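Notes for the structure review
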Amino acid sequence: MIYELTEEDMERLLQKIAEEYDVFGSKEELGEVVFSKISSFSEVSEKKSSYSPKDFLIKRSENILEIPRAEKKAVIGVKSCDLRGFYLMDLQILNKDPFYTVRRQNTLFINFVCTEMCPGGFCTSFGGPVLDDYDIQVLHIGQSYFVEADPRYERYLAGFRPASDQDVFVKHSKEFNRKYGKIELNGIEKRMKWSSKLWTEFANYCISCGACNYSCPTCYCIDVYDDETGRKKEWDSCILEGFTKTAAGNVRPDLSDRLRQRFYHKFKYYKLSKGEYLCTGCNRCVDDCPVDIDIKEVITHDYDKE
Ligand code: SF4
Ligand code: SF4
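Residues numbered from 1 in each chain as written. Chains lettered and ligands numbered in written order. Predicted model: local features only at pLDDT ≥ 70, side-chain atom pairs only at ≥ 80, totals over all residues. Heavy atoms only, no water.

Here's the deal with unusual backbone geometry
The phi dihedral of Asn95 falls on the positive side, at around 70°, and the residue is not glycine. With respect to the helices and strands, the residue Asn95 is situated in the loop between helix 2 (80-93) and helix 3 (98-106). Even without being glycine, Ser208 reaches a positive phi, approximately 60°. Among the structural elements, Ser208 can be located in the loop between helix 6 (197-205) and helix 7 (211-215). (Helix = DSSP H or I, 4+ residues; strand = E, 2+ residues; numbered from the N terminus.)

Focus: the pattern of salt bridges
Scanning the entire structure with this criterion turns up 26 salt bridges. Residue Arg69 pairs with Glu71 through a salt bridge whose shortest N-O separation is 3.6 Å. Assessed through its relative accessible area of 61%, Arg69 is described here as exposed. Here Lys233 makes a salt bridge to Asp97, at a shortest N to O gap of 3.9 Å. Of this pair, Lys233 sits in strand 10 (residues 230-235) while Asp97 is found in the loop between helix 2 and helix 3, placing the two residues 136 residues apart along the sequence. The two residues Lys233 and Asp97 agree in class, both being buried. Through salt bridges with shared partners, one network takes in Glu62, Asp97, Arg103 and Lys233. (Salt bridge = Lys/Arg side-chain N within 4 Å of Asp/Glu carboxyl O. Buried < 20%, exposed > 50% of the residue type's maximum accessible area, 1.4 Å probe, protein only.)

Comments concerning the nonpolar core
A general tendency of soluble globular proteins is for nonpolar side chains to be buried together. Judged by nonpolar contacts, the single largest core of 28 residues is most densely connected at Met192, Trp199, Phe267 and Val298. Examining the composition of this core, we find that five residues originate from one element, helix 8 (residues 255-274), more than from any other. In contact with Met192, not counting residues within four places along its chain, are Trp199, Phe263, Tyr264, Phe267, Lys268, Val298 and Tyr303. (Core = buried A, V, L, I, M, F, W, Y, C linked by side-chain atoms within 4.5 Å. Contact = heavy atoms within 4.5 Å.)

Read these as geometric descriptors, not functional statements.
What follows is the structure, given as structure tokens:
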């Protein structure tokens, strides 16, 4: 069932949720859109957050000898592309990483469906901003907030007005995808070439900062190490030289190999092992790359001509 809420209704919805959860929202602070605690719907910004919300589930750094705690959090204002990243990560780490799992099971995400494509975004290549999997999904058109909930959260919508148009999400999805078109993936998992010159070209200007991995809502790799305060895990990056360094040496000492690995993981290995590309088209890795390396080039490159 899809409901049609006013702004005042959204406030009531948020207050209902706040009875059970600590509520966080995307909020403008010092020129950036960040997630922080909110007490009113009026604080929520519908702009894409400056950073992906993945640290609600995977902390940048934490002690893994401590038992993960179940904290009930609701996060409102997540964009669909970022939320889809969690569904993709679930395929690999849900029920394997206990920290991720306990947070995933105790966090309610309320995603906003975009009405315009963000600069550089290519979510239409992966289905567009209307998701099939969500907790509570919101589409804001004019004065109306169209809201649908997974059966686990339907109780929060009891008492609100059912929308007269129950196809509003389907229609929006078709219209959005038609308006913006898509970059065809064209079986990228089969087209990419191991010996492509693209990897060495990228390596000529990549500065190995790791920002593309840190900003990505689908990158979940971690490093584990000991220090004086305990055994830690922290975000890692397959682009960094130390990522594959072992006592026996480094299996990917060349930057071009590490760049290729990143794209092969996203567009070939994950697709073959999980049935999905490990990318949502959010463009965060491009936005944050200091030398403008664009993952879309990997998709559009003509490997047959090499
Ligand atoms: S566009 Fe880049 S940051 Fe976004 S999901 Fe794909 S690889 Fe990750
Ligand atoms: S963000 Fe750009 S420069 Fe930094 S590691 Fe990724 S591709 Fe290289």
